[in-house]
6 protein chains.
Amino acid sequence: MPIQIEDIQRPDKSVIEGLAEIGSATAAGVLNRMGIRDPHMRGILPFTQGKVAVGPAVTLQFMPKREDQYKADEYSDPELQLHRHALYHAEAGDIVVVDARGHMGSGVFGDMMLTYFKGKGGLGVVIDGCIRDYPKAKELGIGLWLKGTTPNFHTQTDIFPYAVNVPVACADTLVMPGDLIVADDDGAVVVPITMVDALLERAGQHHEWEEFSRQRLLQGGELRRYYPLHNDARPEFEEWLKTQSH
Amino acid sequence: MPIQIEDIQRPDKSVIEGLAEIGSATAAGVLNRMGIRDPHMRGILPFTQGKVAVGPAVTLQFMPKREDQYKADEYSDPELQLHRHALYHAEAGDIVVVDARGHMGSGVFGDMMLTYFKGKGGLGVVIDGCIRDYPKAKELGIGLWLKGTTPNFHTQTDIFPYAVNVPVACADTLVMPGDLIVADDDGAVVVPITMVDALLERAGQHHEWEEFSRQRLLQGGELRRYYPLHNDARPEFEEWLKTQSH
Amino acid sequence: MPIQIEDIQRPDKSVIEGLAEIGSATAAGVLNRMGIRDPHMRGILPFTQGKVAVGPAVTLQFMPKREDQYKADEYSDPELQLHRHALYHAEAGDIVVVDARGHMGSGVFGDMMLTYFKGKGGLGVVIDGCIRDYPKAKELGIGLWLKGTTPNFHTQTDIFPYAVNVPVACADTLVMPGDLIVADDDGAVVVPITMVDALLERAGQHHEWEEFSRQRLLQGGELRRYYPLHNDARPEFEEWLKTQSH
Amino acid sequence: MPIQIEDIQRPDKSVIEGLAEIGSATAAGVLNRMGIRDPHMRGILPFTQGKVAVGPAVTLQFMPKREDQYKADEYSDPELQLHRHALYHAEAGDIVVVDARGHMGSGVFGDMMLTYFKGKGGLGVVIDGCIRDYPKAKELGIGLWLKGTTPNFHTQTDIFPYAVNVPVACADTLVMPGDLIVADDDGAVVVPITMVDALLERAGQHHEWEEFSRQRLLQGGELRRYYPLHNDARPEFEEWLKTQSH
Amino acid sequence: MPIQIEDIQRPDKSVIEGLAEIGSATAAGVLNRMGIRDPHMRGILPFTQGKVAVGPAVTLQFMPKREDQYKADEYSDPELQLHRHALYHAEAGDIVVVDARGHMGSGVFGDMMLTYFKGKGGLGVVIDGCIRDYPKAKELGIGLWLKGTTPNFHTQTDIFPYAVNVPVACADTLVMPGDLIVADDDGAVVVPITMVDALLERAGQHHEWEEFSRQRLLQGGELRRYYPLHNDARPEFEEWLKTQSH
Amino acid sequence: MPIQIEDIQRPDKSVIEGLAEIGSATAAGVLNRMGIRDPHMRGILPFTQGKVAVGPAVTLQFMPKREDQYKADEYSDPELQLHRHALYHAEAGDIVVVDARGHMGSGVFGDMMLTYFKGKGGLGVVIDGCIRDYPKAKELGIGLWLKGTTPNFHTQTDIFPYAVNVPVACADTLVMPGDLIVADDDGAVVVPITMVDALLERAGQHHEWEEFSRQRLLQGGELRRYYPLHNDARPEFEEWLKTQSH
């Protein structure tokens, strides 16, 4: 008898593209001004340096292992293992977010699982814990945001997968299934799905002078003049703008 | 519109009494031999020294606060605050078990809440976090197993109550609503409700020589002879038994 | 050449008395509603159970020991030791707040220092670290809010006193010299001196039904009816009020 | 076949008495001046408030459990369990020092073990970890310096006893079998056996004015005058000395 | 007078080669099914990404520094420094495993020591702590599994080398001298020498379909069909096998 | 009204060059022998592998955020934000050292700030916390020694900049404005400005045989013979010296 789990709703492609242009730092800053104090999943590090991933969250929740509740061994009746079901419900463009309770001795996914996820078009995983088979996993081309790696399998020590597509606490951050994740080398940020339109609108407003200012600062320009752009420097910026190719 | 939460099933009084005779240390040891590796909710300390509490668990789960999900302030529309509902579902003899995420800056309950719980016949609370109003709470006569105390109210900083009578992870231990809690100065232990009968049967088997051995050891008796009771000492024990009043 | 340190300003006695009636829990809750997210000095525990202390903060800051900056041994030229100067500047009713960097291997004050402080009328100490000579210190009658105790003296290991009556970070909480401290068994709270009048005004507003509600709840009354006091129960409360002696 | 373990050498009774007069705070301070940077076993707390214990260390070392090295269950072949052997080698006046690796889920000794130790005249235990059966153990009259308590038995989770009367690292402090322990409400200190005579000599030198100074300070006397005793106050002290009964 | 230390026994080359084919993840998983709960030395990270090392463990144990037990400075009488002796006892193919107590302020080995080790044919070091001279050490070609790096020398702060080729607790894992280490980018695993034959036998049994399944999953194949290989997919696998070159 | 902050004194270029030749490991070791126990800023990691930076410290101190003391939002009145002033006072060759209280949820500087710093000739930053915009910052060519990265801005959560060019505690190490920093892949070390001449003199004394010994060790030479260089090997070294080109 299969385990029934509800699928997430996925946003329009334009929303994903909009977020991807912004990056995690701008997303975090703007969300803060919109009332979300801290959307950063602290302590989860980029294990695939340079990767960027933006997409909706499929969630997986681990719980402390209790032997009367979890009896299966890794290979018997695989369908009972809920970490597989998280991947069954993932689609192209998705990011799997795992509350692994910060545990450093369980490899939530191994390379076969992650290969399957890659085969489906998965973008990345954000785990409050570890994967195993990192030597192979880092070659797959998906993004890995983790606390670490371990050779241990997912239920080897103290935790086991308990639920799929439920609200989870990943690195002390609440993530609802279908929320959007923006992850890069700064870290991973959760964008509540209900706030993404307002976020994109706000985030699109400043910035047009930013590249100009960056150049001037690199040449030794004055911070007071160029960041944020001072009115005195606006004519200079307008001139510069004209020199830029389109 | 009231929030619907399922009530827990409560065991026979005899089960509670049986567990109370055993204590947390025997419960933990026997459970381990029955396959439960570690039923102890580590890091939760007795804040009412000398108290013992045995009863079924009403559970309350906190989640990391996210401002789009939790907007209420403490006094507006109290019925929206789920920590109240945990107490609504508590009955005489119950123990409220809270997954407060180990947070040291939120007082899960204050003295008014705990007074209400006491008024209903509640036995105690086991919290992976703090209460506030401890100066008054410790006088109420209920048992308090906590990580600490704080003057802050329950949603003052980083967490908020999220669900009642769901499985929770309290101090890295899985507790299902209706499981039994045995708590004393050694700490708090969870007994899976499905295992309590077998536990009582096993735990009742040894022990009859324990008081005898304790006396002999205190008089300087040999550990090898008295603990566990050696066959050579059995006649001495039989003699001693006859001298005991009934 | 003596070390010059500015004295703190001390508030009117009525302010202290007002705060003392309120207690740390109400102070923390009301400050939060006034915009101070978390005034609780987390992790500092009451080592003199039952004690309450309210008074202005004289501050002492420790820094990591660096051997070129701190050369003195404990008994040579005592006047160079700044922890003494903190006490020189304390007066009757004061509370000494120490940023000891959370260090568990330095006893910031020993019993002679604390005896002197008691002799001057000092109320208590709040230390993000330890004292030593606790067996004697706990008998002095001053309040002790600490992280722990140690037999080591104040500069024995990694830290040394660096400044007196400067802003300090005590248990990750900013305390300015002259701010007010409210400390009891729930913990220690800092009240910015500029906010104390507004705090007292706000905190004095509710409460008159609290004792009534507490009694009803203890008798098994309904939480929805009595906390907060429901309009339906107001007549019952008014009746009760009349029965109270003045 | 019994496990052979070497016994410790025990010092003269006078040495123990001398140390007992000094207390842990003076011992720690003087040892520091003699070159031992930090003799305090940090993080080990007094669980029998008010108790003082001074005596030689019998040591017990735990190691991480590895199932091929530790197979026994608690009750089969008790003689294979090394925590018993530590107690076999203890004598009246001894203190058992345990490196339990700071583990909070193993009760190194239960009440039967501690009762046996009490029966032999044991003074106390200093454990970088927990005991179980604390409700009974605290009534035995021995001193308990611990990190905490647990209902779990000694090998229930991650550690097992590995060696007796070997050098151990207790709370990140090196303790050699036969070293002296001074433990009170400030904490527990190790005194290397080779340094105890020099320590006693040094520690006996100051102090004669301490009680006088303490009285004056409590009356509001000046710290600069009385601690350390200033030459100007020496005549006053001499007068006071004459008034003291012998 | 030289310090006598017993050498370890080294296994046949075929054993090493067998383990090297398996990798740390399979070793950890199979050991778990053979009864070893957790052979992973948690928290020790690969500081030479991509390196793999398999070999017998020469062990080195650090203890907390106590000034009466450790008096030497780094350059006087180098033969008294036990970290040198660990290297004297290392041979080609060995891995040095160090219990450095998790300390982050002591560089257990510097580049000269590691160069000597490399010169002898050493494969790598696994340290529950740090090395120094990492800029040079990472170029040597040996594998480095560490908690971190530091410019400090080995006895600069709180620990000193105490014993060679004794059982050690490295990252809370028991390692006996002569046990086998399997270390790669997932981390480092200890294989008890007495279990290695059984491990190799078990680990050699599955796997023949793994590469086939990996390819299919990467092409978007169904997890249920390919991992573990379903009977329905076996004919497809047999076909695939025939297409593989030998 | 501008905030007045004193500038640091900068040493001669020859001092910087001398320190750069030595590296952090030698600096740490020699400082230890000169009486500075531990000059290493532990826990701060190189985020620009391979970079070396030596220069005087401009310091910036963060404090716990208290809403009555810090009210500004990031973009209003930038001149009130003290992290900018730290950079105003930086000059070519400087290193900015930040006490960010070890906080992992505040990005002390973003890419515009760091670009400005680079434009002025800044060498690097050493932060007991995080930066944001790491994807861009790591391309700037300045050295980054950090605890981590975050997308959050500098005052987004719990801390705010409080003072510039005051003594700071960075990673539990005292740094005075104008002290010298030596940072490389081993970590970052502080050299008190008053000790740098003596350090250079001491550090220049050994070493001439080091490269010779390194070569011999790599060829399998005996540690006892070559490190430190034994008298027996001196003739061999002298021969080798002659073969070296100048």
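Computed from a prediction, not measured in an experiment: that's the story for all the values here.

**Some points on the relation of the copies chain F and chain A**
Superposing chain F onto chain A requires a rotation of 120 degrees together with a translation of 0.0 Å along the rotation axis, leaving an RMSD of 0.0 Å. The transformation relating the two chain copies, once decomposed into turn and shift, fits a three-fold axis.

**Observations concerning the interface of chain A and chain B**
Facing 27 residues of chain A, the contacting portion of chain B comprises 27 residues. In total, chain A and chain B occlude about 2,000 Å² of area from one another, counting both sides; carbon and sulfur atoms represent 58% of this. Contact with chain B buries area across many residues of chain A, yet Arg 66, Glu 67 and Leu 174 of chain A alone supply 31% of it, more than any other trio. For the interface between chain A and chain B, the tally reads 4 salt bridges. Summed over the shared surface of chain A and chain B, the number is 8 residue pairs in polar contact (both at pLDDT 80 or more).

**Points about the environment of Met 176 of chain A**
As for its position among the elements, Met 176 of chain A is in the loop between strand 10 (173-175) and strand 11 (180-184). Here Met 176 of chain A falls in the buried class, since its relative accessible area comes to 16%. Apart from the residues lying within four places of it in its own chain, the contact partners of Met 176 of chain A are Ala 57, Thr 59 and Pro 167 of chain A together with Arg 66, Gln 69 and Tyr 162 of chain B.

**Structural notes on the packing of helix 1 (residues 13-33) of chain F against helix 5 (residues 196-203) of chain F**
Residues and elements named next belong to chain F. Running from N to C, helix 1 and helix 5 cross one another at 85 degrees; their axes reach a closest spacing of 9 Å. Between helix 1 and helix 5, the interaxial angle falls into the category roughly perpendicular. Taking contact as the criterion, the partners of Val 15, Gly 18, Leu 19, Ile 22, Thr 26, Ala 27, Val 30, Leu 31 and Arg 33 in helix 1 are, on helix 5, Val 196, Asp 197, Leu 199, Leu 200, Arg 202 and Ala 203.

**Examining the pattern of salt bridges**
Here the structure, examined in full by the defined rule, presents 114 salt bridges over all chains. Two residues, Arg 214 of chain E and Asp 111 of chain A, come together in a salt bridge whose shortest N-O distance is 2.5 Å. Taken as a pair, Arg 214 of chain E in helix 6 (residues 210-218) and Asp 111 of chain A in helix 3 (residues 111-119) lie in two separate chains rather than in one. Residue classification places Arg 214 of chain E among the buried positions, given a relative accessible area of 15%.

**A short note on the packing of aromatic side chains**
Under the defined criterion, the tally for this structure stands at 54 aromatic pairs over all chains. On the numbers, 6.1 Å between centres and 25 degrees between planes, the contact of Phe 237 of chain A with Trp 240 of chain A is stacked. Taken together, the residues span about one helical turn, with Phe 237 of chain A and Trp 240 of chain A both in helix 8 (residues 234-243) at a distance of 3 residues. Phe 237 of chain A sits in the buried class, given a relative accessible area of 1%. Its relative accessible area of 9% is what places Trp 240 of chain A among the buried residues. Grouped by ring-pair contacts, the aromatic residues Phe 212, Tyr 226, Phe 237 and Trp 240 of chain A constitute a single cluster. The residue whose ring lies beneath Arg 224 of chain A is Tyr 88 of chain F, and the NZ or CZ to ring-centre distance is 3.7 Å.

About the thresholds
- Residues numbered from 1 in each chain as written.
- Chains lettered and ligands numbered in written order.
- Predicted model: local features only at pLDDT ≥ 70, side-chain atom pairs only at ≥ 80, totals over all residues.
- Heavy atoms only, no water.
- Least-squares fit on C-alpha atoms with pLDDT ≥ 70 in both.
- Contact = heavy atoms within 4.5 Å.
- Buried area = accessible area lost by both parts, 1.4 Å probe.
- Salt bridge = Lys/Arg side-chain N within 4 Å of Asp/Glu carboxyl O.
- Polar contact = N/O pair within 3.5 Å; in protein donor to acceptor, adjacent residues only side chain to side chain.
- Helix = DSSP H or I, 4+ residues; strand = E, 2+ residues; numbered from the N terminus.
- Buried < 20%, exposed > 50% of the residue type's maximum accessible area, 1.4 Å probe, protein only.
- Axes fitted to C-alpha atoms, helices over the stretch in contact; angles between N-to-C directions.
- Parallel < 35°, antiparallel > 145°, perpendicular 65-115°, else oblique.
- Phe/Tyr/Trp six-rings, centres within 6.5 Å; stacked < 30°, edge-to-face > 60°.
- Lys NZ or Arg CZ within 6 Å of the ring centre and 35° of its normal.

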